[in-house]
Structure formats: C-alpha cells, structure tokens
Amino acid sequence: MPERESYLSTLRAFRDRVLHQSEAGRRWERLFYRHTLEVSALLLADPELRARAAKVVKELTPAAQELLEDESEGTTRFVLTEAQIEQLEAILQDLAERGSPELRTDILKELDEMRPRQFVGQDIRQVWKQIGQELSR
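Residues numbered from 1 in each chain as written. Predicted model: local features only at pLDDT ≥ 70, side-chain atom pairs only at ≥ 80, totals over all residues. Heavy atoms only, no water.

1. A few points about the overall build of the protein chain
At step 1: The number of helices and strands found in the protein chain is 6 helices and 0 strands.
At step 2: Going residue by residue from the N terminus, the α and β elements of the protein chain occur as α-α-α-α-α-α.
At step 3: Evaluated residue by residue, the protein chain yields a buried proportion of 39% over its 137 residues.
At step 4: Within the protein chain, contacts between residues separated by at least 24 positions form 67% of all contacts whose residues are at least 6 apart in sequence. (Helix = DSSP H or I, 4+ residues; strand = E, 2+ residues; numbered from the N terminus. Buried < 20%, exposed > 50% of the residue type's maximum accessible area, 1.4 Å probe, protein only. Contact = heavy atoms within 4.5 Å.)

2. Remarks on the environment of Glu66
At step 1: In this fold, Glu66 is placed in helix H3 (residues 47-68).
At step 2: For Glu66, a relative accessible area of 3% puts it in the buried group.
At step 3: Between the C-alpha atoms of Glu66 and Phe14, which are 52 residues apart in sequence, the distance is 9.6 Å.

3. Some remarks on the confidence of the model for the protein chain
At step 1: Confidence in the prediction of the protein chain, expressed as mean pLDDT, is 89, and 89% of residues score 70 or more.
At step 2: Mean pLDDT across the elements of the protein chain ranges from a minimum in helix H6 (residues 124-135), with 80, to a maximum in helix H4 (residues 82-98), with 97. (pLDDT = per-residue confidence, 0-100.)

4. Examining the layout of surface pockets
At step 1: By volume, the largest pocket amounts to about 2100 Å³.
At step 2: Of all elements in the fold, only helix H1 (2-17), helix H2 (23-45), H3, H4, helix H5 (101-114) and H6 reach the threshold of two or more residues within the lining of the largest pocket.
At step 3: When residues of the lining of the largest pocket are assigned to their parent elements, the largest contribution, 11 residues, is made by H2.
At step 4: A class-by-class count of the residues in the lining of the largest pocket yields 36 nonpolar, 5 polar and 7 charged. (1 Å grid on protein atoms, 1.4 Å probe; cavity = no way out; pocket = protein on both sides within 12 Å on 5 of 7 lines; lining within 4 Å. Points joined across faces, edges and corners; volume = space filled by probe spheres on them. Nonpolar A, V, L, I, M, F, W, Y, C, P; charged D, E, K, R; others polar.)

5. Some details on the nonpolar core
At step 1: With 17 residues, the main nonpolar core has Leu80, Ile124 and Ile131 as its most contacted residues.
At step 2: Contributing elements (two or more residues each) for this core: H3 and H6.
At step 3: Apart from the residues within four sequence positions on either side, Ile124 is in contact with Ala63, Glu66, Leu67, Phe78 and Leu80.
At step 4: Counting 11 residues, the second largest nonpolar core, distinct from the first, contains Leu42, Leu49, Leu95 and Ile107. (Core = buried A, V, L, I, M, F, W, Y, C linked by side-chain atoms within 4.5 Å.)

6. Overview of H3
At step 1: Taking 1.5 Å per residue as the helical rise, H3 with its 22 residues ought to reach 32 Å, and the 31 Å between its terminal C-alpha atoms agrees with that figure.
At step 2: The largest bend in H3 amounts to roughly 35° and is located at Leu60, with the proline Pro62 lying one to four residues further along.
At step 3: All of the buried residues along H3 are Leu49, Ala53, Val56, Thr61, Ala63, Ala64, Glu66, Leu67 and Leu68.
At step 4: A side-chain oxygen of the first residue of H3 lies 3.0 Å from the backbone nitrogen of Glu48; this N-cap is Asp46. (Expected span 1.5 Å × (residues − 1). Bend = angle between axes of the 7 residues up to and from the residue. Polar contact = N/O pair within 3.5 Å; in protein donor to acceptor, adjacent residues only side chain to side chain.)

7. Describing the packing of H2 against H3
At step 1: One way to put it is that H2 packs onto H3 with a least axis distance of 5 Å and a crossing angle of 115°. Put simply, H2 runs roughly perpendicular to H3. Where H2 approaches H3, its residues Leu42, Leu43, Leu44 and Ala45 are matched on the opposing element by Pro47, Leu49, Arg50 and Ala53.
At step 2: Taken together, the residues of the contact of H2 with H3 sort by class into 7 nonpolar, no polar and 1 charged. (Axes fitted to C-alpha atoms, helices over the stretch in contact; angles between N-to-C directions. Parallel < 35°, antiparallel > 145°, perpendicular 65-115°, else oblique.)

The following block contains the structure:
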C-alpha cells in the first residue's frame, strides 16, 4: 500500500500543480471527472485491462514527478518510448471500444488531436509544452 499511496500522492500533485496551469490540462481533468465512474467500472470488470492500466500509470508516474520538479534542478529527463505510447493508446482504444458513445467520442477526439506517436523519443517537458500549445488552439 505505501507504493500505491506514493503514486496517488504524485498524481494528485500533478493534477493540482501541472494540469491546473493550462487549458489542455483543465480540459483533461474535466474529462477525467466526467468519465471516472464509467472507466472505473470498465477497469473493475476486466482484470487484464486493469493490470495493463496500472502498469502504464506506474511507468508514467516518473514523468509526472519530473513535471512537478523545478526545471533548474537538473532532473533526469524522462523520455517517452514507443512502447509506452503504444501501451497507452491500446488502453485508451480498449476503453473507447467498451465504453459508452460519449466516452468513445471523447477518447477518440483526444487521441486524434494529440497524436501521441509524435512524442516518441521526446522528453516529457518538451511533450508537455507542445501539448499545451497544440491543444490550446
């Protein structure tokens, strides 16, 4: 449980200190809360999907942690890999296929606008700046 609490603490801080700072982040937060019950139910109903989602959260939590740190601290750059992007897209696609029309529409719209594969090989700070610029248009 302590490891889980550490992840949750990091993700809550990410929500409060990073997502709140951009229109794109606030939009993702609104989508999260709009669909949280449905996504939770889908994950509870499918242990394999739940395990895959937990793995991606665990792998990407260091990226959230890096965005929480002061850029001048010289933190190790978190670089997104093709495998991480593929896993994230696969989970989102599975949720879209199994979810309500509203969930499906929102996920597919975000994937289309964000085009996650463009971020392979980029460090998370570059990615976050680019997302903020592109999704705020």
